[in-house]
Amino acid sequence: MDDLKSKTEWIKSKAFELGFSLFGCSKASRLDEEAERLKEWLGLDCHGKMGYMENHFEKRVDPRKLVEGTQSVISLGYNYYNPSKQKDATAPKISMYAYGRDYHKVVKKKLKKLCDAIAKEFGEFKHRNFVDSAPILERDWAKKSGIGWVGKHTLVINPKMGSYFFLAEILVDFEMEYSKPIKDYCGTCTKCIDACPTDAIDEKGYLMDGSKCISYLTIELKDEALPESFKGKMENWAYGCDICQDVCPWNRFSTEHNEADFLPQKDLLEMTKEDWENMDETTFDSLFYNSAVKRTGYSGLKRNVGFLS
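Cut-off values and rules
Residues numbered from 1 in each chain as written. Predicted model: local features only at pLDDT ≥ 70, side-chain atom pairs only at ≥ 80, totals over all residues. Heavy atoms only, no water. Axes fitted to C-alpha atoms, helices over the stretch in contact; angles between N-to-C directions. Helix = DSSP H or I, 4+ residues; strand = E, 2+ residues; numbered from the N terminus. Parallel < 35°, antiparallel > 145°, perpendicular 65-115°, else oblique. Contact = heavy atoms within 4.5 Å. Nonpolar A, V, L, I, M, F, W, Y, C, P; charged D, E, K, R; others polar. Buried < 20%, exposed > 50% of the residue type's maximum accessible area, 1.4 Å probe, protein only. Polar contact = N/O pair within 3.5 Å; in protein donor to acceptor, adjacent residues only side chain to side chain. Core = buried A, V, L, I, M, F, W, Y, C linked by side-chain atoms within 4.5 Å. Phe/Tyr/Trp six-rings, centres within 6.5 Å; stacked < 30°, edge-to-face > 60°. Lys NZ or Arg CZ within 6 Å of the ring centre and 35° of its normal.

**Observations regarding the packing of helix α12 (residues 281-288) against helix α13 (residues 297-308)**
Running from amino to carboxyl end, α12 crosses α13 at an angle of 105 degrees, the nearest separation of the two axes being 10 Å. Classified by the interaxial angle, the pair formed by α12 and α13 is roughly perpendicular. In contact with Glu-281, Phe-284 and Phe-288 of α12, α13 contributes Gly-297, Tyr-298 and Leu-301. For the contact of α12 with α13, the per-class residue count stands at four nonpolar, one polar and one charged.

**Things to note about the side chain of Gln-86**
Structurally, Gln-86 can be placed in the loop between β2 (72-79) and β3 (93-94). Gln-86 sits in the buried class, given a relative accessible area of 13%. From its side chain, Gln-86 meets the backbone oxygen of Pro-92 in a polar contact 2.8 Å long. Among residues more than four places away in sequence, those in contact with Gln-86 are Ala-91, Pro-92, Lys-93, Ile-94, Tyr-99, Leu-269 and Trp-276.

**Examining unusual backbone geometry**
Positive phi outside glycine occurs at Glu-235, with the angle close to 50 degrees. Relative to the helices and strands, Glu-235 is located in the loop between α8 (214-220) and β8 (237-239). Phi is positive for Asn-236, close to 70 degrees, though the residue is something other than glycine. Here Asn-236 is to be found in the loop between α8 and β8.

**Observations concerning the nonpolar core**
The biggest cluster of nonpolar side chains holds 49 residues, and the ones touching the most others in it are Leu-76, Trp-276, Phe-288 and Leu-301. Among residues more than four places away in sequence, those in contact with Trp-276 are Gln-86, Ala-91, Pro-92, Ile-94, Leu-268, Met-271, Phe-288, Leu-301, Lys-302 and Val-305. If you look at the next biggest cluster of nonpolar residues, it comprises 39 residues, including Cys-46, Val-67, Leu-217 and Ile-243.

**Some thoughts on the packing of aromatic side chains**
The tally for this structure, following the rule as stated, stands at 20 aromatic pairs. Taking the centre distance of 6.0 Å and the plane angle of 45 degrees together, the rings of Trp-250 and Phe-253 count as tilted. Looking at Trp-250, the relative accessible area reads 19%, which means it is buried. Note on Phe-284 and Tyr-298: the rings are 5.9 Å apart at their centroids and 65 degrees apart in plane angle, and the pair reads as edge-to-face. Residue Phe-284 is located in helix α12, and its partner Tyr-298 is located in helix α13; the two are separated by 14 residues in the primary sequence. Ring pairs connect the aromatic residues Phe-20, Tyr-78, Tyr-80, Tyr-81, Tyr-97, Tyr-103, Tyr-164, Phe-166, Tyr-239 and Phe-262, which therefore count as one cluster. Lying across the ring of Phe-307, Lys-231 places its NZ or CZ 4.6 Å from the centre. A cation sits over an aromatic face here: Arg-252 above Trp-250, 5.8 Å from the ring centre.

Given below as structure tokens:
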């Protein structure tokens, strides 16, 4: 047991050295309770047109089927909180996480460095890394590992740093000293539920109708036009949405990140409403060439901006 503890502590220390803010680990198993909740969520069509959420169900709920030989799931959090704001308060807004370089690339590189360090210290091992990029219930594993609890807005909240962090996982073929879940501290608070302009969060919380979420509408939905039923409800969000996080009391503990790759371009913060509305494809490519915003594409962003006017 001491060997497991020391190995786990070494990996945790190395993860923090590489810039991760949160660390936890869990024994790999099938998430039976979570599997039933996922079935219910899919049955309610809360995934909208995200058909991929229906794929690879057993792999999604059991990491041992995703990567054969997996014994442990390492869950990590990487801070992206940035207090910088766009200068024109009337300009279309993008989520804070998309200000800088695409987080998939940044965090994935950190995970590779961590795995290389583990192999060097303890010998080669079988593993696979994920950053919001595969059928794995990352929020449930984060909860199970004690990184935080899943709040009423369905995002993971850590009591010391709020919710502005990316989740990442490493599936490994060795045992570790496993951490324990922490208490849910949402209590009677309903700020996120009350603030959501599209009523995407169930009145009791803990259930998100993805098809009503502004992030889904502006990123995942690929239709040529956004549904007219959401006209006037977008609160100027052109890519993603931070409303439920902005109002969450736990985010008063958020501190600015230390990742240079996540710093926003000055040109982006200085764009006026008119700049957004008149953006051409060359400007789009220049501003977002290495950003997660590329996911929606030029035509998608123009669709979103046009819907706001």
